[in-house]
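# Structural characterization, general
Below are the chains, spelled out letter by letter.
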Amino acid sequence: METATASSSSSPASISFYDFLDRMRNPASLDLVRSIKSFIVSFSFYAPNPESDGKRVQDFFLSMETSIRDHPLWAGASDEEIDCAMEGLEKYVMTKLFSRAFACCPDDLRIDQEIAEKISMLQTFLRPEHLDIPTILRSESSWLLAEKELGKINAHKAPREKLLCIMNCCRVINNLLLNASMSEKHVLAGADDFLPVLIYVTIKANPPQLHSNLKFIQLYRRQAKLTSEAAYYFTNLVSAKSFIVDLHAKSLSIDEIEFEENMQVAKLANKVPDEDPCPTRDGEDGLRRETGVGTFTAMNFKERSNSGLQYSFNNLFELAKMHMIVTGSPYPFMQAEARDLTVGDVERLLRLYKDVVDKYTNLCTAYRHLASSKLESGHFKGSTASCCYEQPETSVSRQREDGADI
Amino acid sequence: MGCSSSLPDRNSGRLSGLNSENSGATDAKNLRVKLVLLGDSGVGKSCIVLRFVRGQFDPTSKVTIGASFLSQTIALQDSTTVKFEIWDTAGQERYAALAPLYYRGASVAVVVYDITSPESFQKAQYWVKELQKHGSPDMVMALVGNKADLLENREVSDQDGMEYAEKNRMFFIETSAKTADNINQLFEEIAKRLPRPASS
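Our subject in this report is the structure included herewith. (Residues numbered from 1 in each chain as written. Chains lettered and ligands numbered in written order. Predicted model: local features only at pLDDT ≥ 70, side-chain atom pairs only at ≥ 80, totals over all residues. Heavy atoms only, no water.)

Attention now goes to the overall build of chain B. A count of helical and extended segments in chain B gives five helices and seven strands. Beginning at the N terminus, the succession of helices and strands in chain B can be written as β-α-β-β-β-α-β-α-β-α-β-α. Long-range contacts, defined as pairs at least 24 residues apart, comprise 71% of the intrachain contacts of chain B with a sequence gap of at least 6. Accessible surface for chain B amounts to roughly 9100 Å². Of this, 49% is attributable to carbon and sulfur atoms. (Helix = DSSP H or I, 4+ residues; strand = E, 2+ residues; numbered from the N terminus. Contact = heavy atoms within 4.5 Å. Areas by Shrake-Rupley, 256 points an atom, 1.4 Å probe, with all protein chains shown as cover.)

Further remarks concern the overall build of chain A. Secondary structure assignment for chain A yields 17 helices and zero strands. Classification of the 406 residues of chain A by burial places 49% in the buried group. Considering only contacts in chain A between residues 6 or more positions apart, those separated by 24 or more positions represent 79%. Surface exposure of chain A reaches about 19900 Å², of which carbon and sulfur atoms provide 55%. (Buried < 20%, exposed > 50% of the residue type's maximum accessible area, 1.4 Å probe, protein only.)

For the rest of this paragraph, the subject is helix α4 (residues 158–167) of chain B. Residues and elements named next belong to chain B. Along α4, the residues classified as buried are Gly161, Tyr164 and Ala165. One face of α4 carries all of its buried residues, which in axial projection span an arc of 100°. For α4, the exposed residues set more than 90 degrees away from the buried face come down to Glu166 and Lys167. On its buried face, α4 sits against β5 (108–114), α3 (118–134), β6 (140–146) and β7 (171–174). (Arc of directions from axis to C-beta.)

What follows concerns the pattern of salt bridges. Where side chains of opposite charge bring their charged atoms close, a pairing between them can arise. Within the structure shown, the criterion is met by 33 salt bridges over all chains. Note that A:Lys37 is salt-bridged to A:Asp405, the shortest N-O span being 3.8 Å. Here the residue A:Lys37 occupies a position in helix α2 (residues 30–43), and A:Asp405 occupies one in the segment after α17 (395–402), the gap between them amounting to 368 residues. B:Lys45 is paired through a salt bridge with A:Asp192; the nearest N and O atoms lie 3.4 Å apart. Separated into two different chains, B:Lys45 in helix α1 (residues 45–55) and A:Asp192 in helix α9 (residues 191–205) make up a pair that spans both. A relative accessible area of 9% places A:Asp192 in the buried class. (Salt bridge = Lys/Arg side-chain N within 4 Å of Asp/Glu carboxyl O.)

Turning our attention to the sheet that holds strand β3 (residues 69–75) of chain B. All names here are of chain B. A sheet is described by the order of its strands in space; here seven strands give the open sequence β2-β3-β4-β1-β5-β6-β7, paired in mixed fashion. The open sheet terminates on both sides in strands that have one partner only, identified here as β2 (64–65) and β7. Judged from the eight bridges that link them, strand β1 (residues 30–39) and strand β4 (residues 81–88) form a sheet pairing that is parallel. Directly across from Leu35, in β4, lies its bridge partner Ile86. In the packing of α1 onto the sheet, contacts are made with β1, β2, β3, β4, β5 and β6, and the angle to β3 comes to roughly 40°. Its contacts with the sheet put α3 on β1, β5 and β6, and the angle it makes with β5 is roughly 165°. (Pairing = 2+ DSSP bridges. Axes fitted to C-alpha atoms, helices over the stretch in contact; angles between N-to-C directions.)

The next subject is the pairing of β6(B). All names here are of chain B. For β6, the buried fraction is high: seven of the seven residues fall into the buried class. Relative to β6, β5 runs parallel, the two sharing seven bridges. Note that in β6 the partner of Val112 across the bridge is Val144. In this region the chain leaves β5, passes through α3 and returns to the parallel neighbour β6; the handedness of that crossover is right-handed. Both β6 and β7 contribute to a ladder of four bridges, which runs parallel. (Right-handed = clockwise from strand over helix to strand, strands pointing away.)

Extensive coverage of α1(B) is indicated by the burial of eight of its 11 residues. Those residues of α1(B) lying buried are B:Lys45, B:Ser46, B:Cys47, B:Ile48, B:Val49, B:Leu50, B:Phe52 and B:Val53.

This part is about the packing of aromatic side chains. Residues and elements named next belong to chain A. Scanning all chains against the criterion turns up 23 aromatic pairs over all chains. With a centroid separation of 5.6 Å and 40° between ring planes, the pair formed by Phe194 and Tyr233 is classed as tilted. With Phe194 in helix α9 and Tyr233 in helix α11 (residues 228–246), the pair connects residues that are 39 residues apart, well separated along the chain. Neither Phe194 nor Tyr233 differs from the other in exposure class; each is buried. (Phe/Tyr/Trp six-rings, centres within 6.5 Å; stacked < 30°, edge-to-face > 60°.)

Below, the structure is given as structure tokens:
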């Protein structure tokens, strides 16, 4: 089922965008350029208001479509060529207005944050069986590919390209479902299978600023283009988001107490990175600072820790052992017998005891957090099904496009 | 099973990025309609649609076959065409609250139940009430009793289905996605009932 789509950096969209820029630089289109520039400037006169902003942009697109159709530079152009010009226009205008139009209300940022936090808690324990996803559809490789596509959504500014990330993600899932039905062991169950997988993939991907991205597409993708199949997949992601926002124990096939406990643990674990950013790095720095074991070990550890969390933790313990050998134990009572102790040792013993308990607790929480959030998603290499509509531009060409002017 | 016989051309589902298909205006002769499928999981919603989409052999018609979104154009006798864009919805209880996102703006709703499952008939009635409350008032609604080939296991009589549909001014039909019985009739009947824009 792997239908390879050429993913060259000069995608049709990119070509049409440069074509659009070229035509706009033609002196004959000065009137169009004037309208576009004055529209972009006029946008900053108003306080951000998503509904009226969206309507203003959509109206502008419609009026520009008429102007382009009537324009000498596009005389005798086919519908397809006009459409290309409109795609170029949408990209140009929305790239220029991006910072003003994307996540422009304080509420948007708050909602984005809340969703991201809820998802990262769910990530710590959610399994496919909680959504009753049939075993035959549990394909790590397809899911990772779908997650990757969805995860790119924030890398683009143009509404069309953001929408393409959603389409590509859905296409991967779609192919997984069609493949499963071809194996004859599984009857194609349509949306009954599609939506749970999309929800699971969305949770695994935790795409940045999910709410703001959906809102941006809804408001600023040309309305004539947010129809049919694109609208269907878009609606599915909106509904996946909505499901996640309202998700509680009864939304899943999970014991209610188990759900609450998992959420509590996840809440605690998720707090750790805020307080001390990265436990692994923290451990490493701490060891280096305290012991002066030497850069060799520290660097060695750092290098090896890249190969995976499990390794890095093993190395941490190795390093800790080495630390004891080189500097002597920081816990001098390890070799002591009860009869050697005096009342004067109690204070120090208590301090060391508290220190050890603190370290152990932090390490446990951090490990649980890292193990659940990173190990699950960190090891995928290679892809199985490249069945996407179109690969968005490379970051280099994207930067060039962002800065493009007419 | 009736649903898994042959696989559609995999390229047919590809979205043509820049075509103007979507912006093609609907005129009096060529309608484009959004059809939403509702019903309990396992009643065979997607099988009905797959049967319908695969069963059309007009080589000129553009089809889209995905796992949950499909489109198919049919030609009627009066030389008009109707392009159905079919939106499948997840039938599991836990997704019930999401349905309005899907049926918003739909011109047709097809509510499916399984004639061997009274629970699915109850669920169908729930969807009809939902649509009456929240759907657009001029929506064409059809009630479909599927799995009509499993006569020996029938638990919902066709009389019950028909009466309920009449009471709610819906079109009623029993189908079998497995044998393809009444599948085309379902869609042709819906096409006839669509309100036509005034021809110019």
